[in-house]
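Inside the fold
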Amino acid sequence: WKCWKYVLLKALCTMLSIFTKCFSNQLIDRRGSRFLTSSITVSVIAGLLPSLLLSSQVSPLAVSGLVVRRSSSAGHNGIYRNSLGGKVPKVANTEIFPQESRRRSNLVCSSTMTEVENPLLKSWHEEPFLLPPFGAIEVADFEPAFEVAMKGHVQDLQTIVDSTEKPSFANVIEVYDRAGLLMDKISGVYGNYVSSLNTDAMQQVQMRLSPILSRHSSQTYTLPGLFDKIQKLHQKRSDLSLNSEQLRLLERVYMDFTRQGAHFDTQSQKEYADLKAQLAELQTQFNQNVMKDEEEWHMLLTVKEMDGCPENLIEAARQAALVKNYTEDDQYIITTSRSLVEPFLTYANRRDLRERACTAWTNRGQLDPDRNNIKTAENILKLRQRQANLHGHSSFAEYQCLDRMAKTPQNVMKLLENVWERAKVSAERERNALEEFVRQQPGDTLTDGIQPWDWRFYAEKVRIAKYDFDESLLKPYLSLNQVTQAVMAVSNNLFGLKYKKRTDISSYHPDVDTYEVTQGDDDSLVAIFLHDNYARPHKSSGAWMSEFRSQTDNLPSSNDEMQKIPIVANNNNFAKANPTLLSFDDATTLFHEMGHAHHGMLSKATYGRLASTNVLTDFVELPSQLMEHWLKQPQVLKEFAKHYKTGQPVPDELLQKLEKAQSFNQGFATIEFTICALLDMSMHQIQDYTDFDLVEFEKQEMERLGMPQGIVMRHRPAHFQHLFSTSGYAAGYYVYQWAEVLDADVFAAFEESGDIFDSETAEKARKFIYSAGNTVAPDELFRRFRGRDPDISFMLKKKGLI
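Presented here is an overview of the structure given in this document. Since we're looking at a predicted model, the values are computed, not measured.

1. Description of the sheet that holds strand 7 (residues 567-574)
Strand order in the open sheet made by the 5 strands is 3-4-5-7-6, with mixed pairing throughout. Two strands close off the open sheet at either side, each with one partner strand: strand 3 (497-501) and strand 6 (544-549). Along the sheet, successive strands turn relative to each other by an average axial angle of 30 degrees, direction set aside. Relative to strand 5 (residues 524-534), strand 4 (residues 513-519) runs antiparallel, the two being bridged by 7 bridges. When the bridges of strand 5 are listed, V517 appears paired with A527. Across the sheet, helix 17 (residues 480-495) is in contact with strand 3, strand 4, strand 5 and strand 7; its angle to strand 3 comes to roughly 145 degrees. Contacts from helix 18 (residues 584-601) reach strand 3, strand 4, strand 5, strand 6 and strand 7 within the one sheet, and its direction differs from that of strand 7 by about 170 degrees.

Structure, rendered in structure tokens:
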């Protein structure tokens with residue numbers, strides 16, 4: 001009888017699996033709408049199964065292969081009770097769905113998970129828009145999924161090598177471009193999780209996977225026979241009758257391989273693979289150290305100690321305290337989250353508390369001696385130098401710039417030094433104004449002069465005195481909801497995009513909003529957009545755009561057309577409150593990231609390698625920084641900046657004051673950024689790191705460049721994640737300023753048209769900036785838009801430097 005029960009249970013499980021898949025497929029439309037009948041029917045059957053198990057003498061562990069998971073749609077009806085958006089209780093080594101227990105151990109041996117059970121490896125056709133099955137994914141799924149995906153990726157590439165057909169663009173380059181689709185699918189989820197949901201368990205997985213994924217990358221570039229075919233095609237590319245996009249793809253793939261050492265001898269390839277694996281581990285460790293400092297450090301305050309702070313900041317500090325389980329009435333905390341610490345430095349009257357917060361904020365990455373990032377950064381620099389040497393370059397900066405618009409470090413330094421000298425003059429003028437203001441205040445004495453914890457505080461007072469503009473009076477008109485509406489309206493006016501919020505679709509965290517993005521009278525689907533706006537534990541600081549799925553038209557004919565539709569995410573780190581009110585700088589950040597999102601959503605390339613943000617690094621910030629301009633336009637603010645209580649539009653008088661104050665404190669802002677770019681480029685131009693001391697180097701560079709008193713680097717080396725958590729922006733932080741030259745020039749074209757939403761100019765921007773990806777060289781794309789090369793004067797004028 002026990003055996004018969006086992007057979008019966010096994011049969012029921014199989015029938016349930018088949019029924020669920022088939023019936024759900026019939027009841028899901030292409031836009032992801034689930035019919036209630038499906039959920040009820042599956043729930044009833046699933047509900048009966050535990051009773052059968054309980055009444056059976058068969059051990060649950062004997063029912064191998066059975067995993068009952070709550071589907072991602074099961075959490076739509078309020079299972080998320082953590083309204084604070086902060087740290088949530090761990091469940092099964094993850095923090096994705098806090099109230100939903102999804103432990104495997106009561107149903108199947110956790111050490112033996114078959115591929116079909118792993119949600120990262122299963123078909124996602126039951127999910128709306130083929131989104132990842134967020135409700136089913138656990139941290140433990142990633143390592144076995146990657147193991148399968150890496151094998152499949154190598155097999156795809158080996159197929160190219162083993163083909164006996166004459167090498168052609170179609171059977172080598174096109175096949176290479178779409179190889180590893182499963183790897184891309186899993187990497188999209190993994191990359192977002194380690195940035196947005198990097199729990200302790202996830203960090204452990206990340207540390208184990210970093211060198212493994214790095215070595216897999218090296219293997220894909222050095223697979224015997226693969227580069228030989230690519231190189232032969234590249235050598236005769238002019239005879240292949242390729243169109244311009246195909247030629248661009250061939251050239252970019254060839255450069256990718258050479259920059260990854262495919263042309264090295266066997267010994268050098270091995271050394272290069274080892275070097276990359278070491279870099280991956282160090283960069284991961286650097287990032288996790290910063291995140292740990294940001295997670296742990298906070299300053300506990302009373303409301304009296306927050307004297308001078310506006311009501312919305314006090315509310316945000318209270319919410320942050322509750323997240324940290326400070327539940328007594330008079331408890332508030334300031335963390336190193338920029339959306340909390342910057343306004344605290346701007347408004348808090350207690351100078352000693354401002355100093356304490358500023359010191360912690362500027363020393364992230366070295367707050368705990370056991371995880372001091374200075375040594376890690378030094379080791380990264382040494383490995384990068386060896387990397388450059390293997391490629392025949394004298395410095396890592398030289399190696400990096402070769403594949404950028406700037407071409408050489410000297411061209412970068414020419415731009416940075418031009419701006420730096422102008423900004424120093426402006427910053428000195430601003431500091432003198434601050435000190436003069438202090439001298440005029442009874443009882444205010446700064447015997448040591450303006451310090452970094454003073455600048456924002458007194459700059460705000462001078463702004464009020466000089467321009468009668470108090471930014472805290474603007475905040476009530478910039479609720480997160482209103483600013484989001486504003487940027488989506490700008491998107492619609494420029495590009496015809498429409499956003500439908502899908503409250504019926506769950507994501508990887510309850511804070512995340514999901515939007516269906518369409519265009520045209522027929523509402524054709526353009527993209528799926530995920531908006532993750534709030535700061536929380538286990539989320540990286542800063543703001544960024546990422547993709548769960550990138551646009552491409554190069555897919556096997558058997559694939560679902562939905563896989564061509566991008567899934568784009570924006571991450572911000574706003575302090576959550578009720579409501580969340582943004583500073584003008586925060587609102588600018590939201591617009592900036594939406595610019596990146598448009599680069600992904602509007603991508604129109606045939607090949608994945610050339611799509612979306614896969615462009616040269618000093619072009620990638622153009623689409624984002626261009627979008628910022630529309631926030632500053634009176635007609636946008638007048639329509640969407642509405643008081644969160646009364647719904648009244650922002651007064652004209654306040655807008656006029658804002659406009660007059662736009663160039664105020666630009667010397668400070670420019671210095672704060674440019675010093676980071678200069679330090680980055682200088683330390684990556686070093687050719688010998690023997691006895692290199694990063695702390696001493698930073699000090700010497702500040703003295704050499706004449707760093708104005710009272711300003712510190714926006715990102716000091718120990719927490720400079722752009723440089724040391726990845727190599728993408730290493731010797732490349734300048735790209736923001738490089739792109740600023742471009743975005744100021746591009747927006748000038750809209751102004752010259754007489755209409756900031758001019759349809760002809762917008763269509764050109766869509767075609768040459770947002771949709772083209774890397775199908776054309778970036779300098780040529782700019783010339784096609786503007787009809788000439790960039791003019792720096794627009795940027796200098798915007799900053800008030802001329």
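2. Describing the environment of D468
Along the chain, D468 turns up in the loop between helix 16 (452-467) and helix 17. Along the backbone, D468 and K657 are 189 residues apart, and their C-alpha atoms lie at a distance of 6.9 Å. D468 has contacts with R463 and K657, leaving out every residue within four places of it along the chain.

3. Section: helix 6 (residues 200-222)
An α-helical segment advances 3.6 residues per turn. Residues three or four places apart therefore align on the same side. Over its 23 residues, helix 6 extends 34 Å from the first C-alpha to the last, a length consistent with the 33 Å expected when each residue adds 1.5 Å. The largest bend along helix 6 measures about 35 degrees and falls at L209, with the proline P211 one to four residues further on.

4. With respect to helix 16
For helix 16, which comprises 16 residues, the first-to-last C-alpha distance of 23 Å matches the rise-based estimate of 22 Å (1.5 Å per residue) to within 8%. In terms of burial, helix 16 is a largely internal element, 12 of the 16 residues being buried. Of the positions making up helix 16, those classed as buried are P452, W453, D454, W455, R456, F457, Y458, A459, E460, V462, R463 and Y467. Looking one or two residues past helix 16, D468 carries a phi angle of roughly 55 degrees, positive in sign.

5. Considering the pairing of strand 2 (residues 332-335)
Neither face of strand 2 is left uncovered, since the one carrying Y332 and I334 and the one carrying I333 and T335 both have all their residues buried. Bridge count between strand 1 (residues 298-301) and strand 2: 4 bridges; the pairing is antiparallel. Its bridge partner being in strand 2, L300 is matched across the sheet by I333.

6. Focus on the pairing of strand 6
Taken residue by residue, a regular strand's side chains alternate between the two faces of the sheet. A large share of strand 6 lies buried, amounting to 6 of its 6 residues. Across 5 bridges, strand 6 lies against strand 7 in antiparallel orientation. Considered in strand 7, the bridge of E547 is made with V568.

7. With respect to the environment of Y347
Within the secondary structure layout, Y347 lies in helix 11 (residues 338-347). Residues Y347 and P310, 37 residues apart in the sequence, show an inter-C-alpha distance of 7.4 Å. What Y347 contacts, discounting residues up to four positions off in sequence, is D307, G308, C309, P310, F457, E460, D470, E471 and S472.

8. Notes on the environment of E593
With respect to the helices and strands, E593 occurs in helix 18. Between the C-alpha atoms of E593 and N570, which are 23 residues apart in sequence, the distance is 6.2 Å. In contact with E593, other than residues within four places in its own chain, are A543, W544, M545, N570, N571 and N572.

9. Overview of the nonpolar core
Formed by 144 residues in total, the largest nonpolar core has its most connected members in F529, L590, F591, M601, W630, F724 and Y734. Per-element tally for this core: the top contributor is helix 15 (residues 409-439), with 11 residues. Residue contacts for L590: discarding those within four places in its chain leaves L480, V483, T484, V487, H531, N533, N572, F574 and L582. Counting 37 residues, the second largest nonpolar core, distinct from the first, contains L121, I186, L197 and Y508.

10. A closer look at unusual backbone geometry
For the bond from N578 to P579, the omega torsion is 0 degrees, close enough to zero to count as cis. By the element assignment, P579 lies in the loop between strand 7 and helix 18. Of note, F129 is a non-glycine position whose phi angle comes to about 60 degrees, a positive value. Note on placement: F129 falls in the loop between helix 2 (36-55) and helix 3 (142-162). Using a relative accessible area of 3% as the deciding quantity, one classes F129 as buried. Here the phi dihedral of H538 falls at roughly 75 degrees; this positive angle occurs in a residue that is not glycine. Relative to the helices and strands, H538 is located in the loop between strand 5 and strand 6. With relative accessibility at 3%, the residue H538 sits in the buried group.

11. Here's the deal with the packing of helix 20 (residues 622-631) against helix 26 (residues 735-753)
To describe two helices that pack against each other, one gives the angle between their axes and the distance between the axes. Contact pair helix 20 / helix 26: the axes reach a minimum separation of 8 Å and the direction vectors enclose 50 degrees. As judged from the angle between their axes, helix 20 and helix 26 are oblique. Crossing hand, helix 20 versus helix 26: right-handed. Contacts from L622, Q625, L626, H629 and W630 of helix 20 reach helix 26 at Y736, A739, E740, L742, D743, A744, V746, F747 and F750. For the contact of helix 20 with helix 26, the residue count by class is 10 nonpolar, 2 polar and 2 charged.

12. Overview of the packing of aromatic side chains
The geometry of an aromatic ring pair is captured by the separation of the ring centres together with the interplanar angle, meaning the angle of the planes. The final tally for this structure, using the stated rule, is 34 aromatic pairs. In textbook terms, an aromatic cluster arises when at least three aromatic residues are bridged by ring pairs, as seen for F134, F142, F146, Y190, Y193, Y508 and F548. The ring of W124 is capped by K185, whose NZ or CZ atom sits 4.2 Å from the centre of that ring. Here the basic side chain of K764 rests over the ring of F785, its NZ or CZ set 5.3 Å away from the ring centre.

13. A short note on the pattern of salt bridges
Counted under the stated rule, the structure contains 53 salt bridges. Residue D274 is joined to K270 by a salt bridge in which the shortest nitrogen-to-oxygen separation is 3.2 Å. Of this pair, D274 and K270 both sit in helix 9 (residues 266-296), 4 residues apart, which is roughly one turn of the helix. Its relative accessible area of 22% is what places D274 among the partly exposed residues. Notably, a salt bridge pairs E516 with R502, separated by 3.0 Å at the nearest N-O pair. Of the two residues, E516 is situated in strand 4 and R502 in the loop between strand 3 and strand 4; the sequence distance between them amounts to 14 residues. On the basis of relative accessibility, which here comes to 4%, the residue E516 falls in the buried class. Counted as one network, the salt bridges with shared partners bring together R338, E342, R456, E672 and R714.

What counts and what doesn't
Residues numbered from 1 in each chain as written. Predicted model: local features only at pLDDT ≥ 70, side-chain atom pairs only at ≥ 80, totals over all residues. Heavy atoms only, no water. Pairing = 2+ DSSP bridges. Helix = DSSP H or I, 4+ residues; strand = E, 2+ residues; numbered from the N terminus. Axes fitted to C-alpha atoms, helices over the stretch in contact; angles between N-to-C directions. Contact = heavy atoms within 4.5 Å. Expected span 1.5 Å × (residues − 1). Bend = angle between axes of the 7 residues up to and from the residue. Buried < 20%, exposed > 50% of the residue type's maximum accessible area, 1.4 Å probe, protein only. Core = buried A, V, L, I, M, F, W, Y, C linked by side-chain atoms within 4.5 Å. Parallel < 35°, antiparallel > 145°, perpendicular 65-115°, else oblique. Left-handed = near helix turned anticlockwise from the far one by under 90°. Nonpolar A, V, L, I, M, F, W, Y, C, P; charged D, E, K, R; others polar. Phe/Tyr/Trp six-rings, centres within 6.5 Å; stacked < 30°, edge-to-face > 60°. Lys NZ or Arg CZ within 6 Å of the ring centre and 35° of its normal. Salt bridge = Lys/Arg side-chain N within 4 Å of Asp/Glu carboxyl O.

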